[in-house]
Amino acid sequence: AVHQFTRVGTLAMIGGCARVVQDVPPFVLTDGDTGMIVGLNRIGLRRAGMPREAVQQLKEAYRLIYRSGLTFDEMVAALKERFAEGPASQFAPFFESSRRGFVQERRSPPRPVIRLHPAAEEESVSGKRLAG
């Protein structure tokens, strides 16, 4: 279901059963479960005959948008500066003209890190077993 005033960008793919209440940027793929962005719509780009260089440009723009940690205004300015031509040039005007906000990227939680107690690390290095 897509809200009545929500915009969906060029070659964006929305997964089945997704609930979309914010704008979906161009060239991205949303999943049907959460309705969040899961990456670029690579299959759609390939089927549309998008050249490899253009896909690479879109990957760079995607990383700038979702992974750079820039504020919204900084991100739009960087998009305008770095991607004045090509398919990625569609991002800045799309973001600037939004009134509803944007679907966010679904990021997996960080992988758990197992930290051993310092004494256990010393024992494992020296080859001794801990008595337990």
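Just above sits the structure.
Because the structure is predicted, anything quoted here is derived from the model rather than measured. (Residues numbered from 1 in each chain as written. Predicted model: local features only at pLDDT ≥ 70, side-chain atom pairs only at ≥ 80, totals over all residues. Heavy atoms only, no water.)

Within the protein, the secondary structure is distributed over five helices and three strands. For the protein, the succession of helices and strands along the chain, N to C, is β-β-β-α-α-α-α-α. Sorting the 132 residues of the protein into buried and exposed places 35% on the buried side. Long-range contacts, defined here as pairs at least 24 residues apart, represent 44% of the contacts in the protein between residues at least 6 apart. (Helix = DSSP H or I, 4+ residues; strand = E, 2+ residues; numbered from the N terminus. Buried < 20%, exposed > 50% of the residue type's maximum accessible area, 1.4 Å probe, protein only. Contact = heavy atoms within 4.5 Å.)

In this section: helix α3 (residues 72-82). Taken residue by residue, α3 has M75, V76, A78 and L79 as its buried positions. The buried residues of α3 occupy an angular sector of 160° when projected down its axis, which confines them to one face. Facing away from the buried surface of α3 by more than 90 degrees, the exposed residues are D73 and E81. Where α3 is buried, its residues meet α2 (52-67) and α4 (91-96). (Arc of directions from axis to C-beta.)

Turning our attention to the pattern of salt bridges. Considering all chains together, one arrives at five salt bridges under this definition. The salt bridge partner of D31 is R106, with a shortest N-O separation of 2.4 Å. Of this pair, D31 sits in the loop between β2 (28-30) and β3 (37-40) while R106 is found in the loop between α4 and α5 (118-126), placing the two residues 75 residues apart along the sequence. (Salt bridge = Lys/Arg side-chain N within 4 Å of Asp/Glu carboxyl O.)

Enumeration over the complete set of coordinates arrives at eight aromatic pairs. Geometrically, the ring pair formed by F94 and F95 is edge-to-face, given 6.4 Å between the ring centres and 80° between the ring planes. Note on F94: relative accessible area 10%, which makes it buried. Through successive ring pairs, a cluster of aromatic residues spans F27, F72, F91, F94, F95 and F102. Here R7 stacks its cationic end above the ring of F94, 4.0 Å away from the centre of that ring. (Phe/Tyr/Trp six-rings, centres within 6.5 Å; stacked < 30°, edge-to-face > 60°. Lys NZ or Arg CZ within 6 Å of the ring centre and 35° of its normal.)

Let us now look at the nonpolar core. A general trend in soluble globular proteins is that nonpolar side chains are found buried together. Within the largest apolar cluster, 28 residues are counted, with the highest numbers of intra-cluster contacts made by L58, I65, M75, L79, F91 and F95. Elements with a minimum of two residues in this core: β3, α2, α3 and α4. Counting residues per element, this core draws most heavily on α2, at seven residues. (Core = buried A, V, L, I, M, F, W, Y, C linked by side-chain atoms within 4.5 Å.)

The strand order across the open sheet formed by three strands is β1-β2-β3, and the pairing between neighbours is mixed. Every interior strand has two partners, whereas the edge strands, β1 (13-14) and β3, have only one. Against the sheet, α2 makes contact with β2 and β3, and its axis sits at roughly 145° relative to β3, the strand it touches most. (Pairing = 2+ DSSP bridges. Axes fitted to C-alpha atoms, helices over the stretch in contact; angles between N-to-C directions.)

Moving on, we get to α2. Its 16 residues place the ends of α2 22 Å apart at the C-alpha level, agreeing with the 22 Å of an ideal helix rising 1.5 Å per residue. For α2, the full list of buried residues reads A54, V55, Q57, L58, A61, Y62, L64, I65 and Y66. In this fold, the buried residues of α2 make contact with β2, β3, α1 (42-47), α3 and α4. (Expected span 1.5 Å × (residues − 1).)

Turning our eyes to something else, we now look at the environment of R82. Along the polypeptide, R82 turns up in helix α3. Excluding its chain neighbours within four sequence positions, the residues that come into contact with R82 are E60 and L64.

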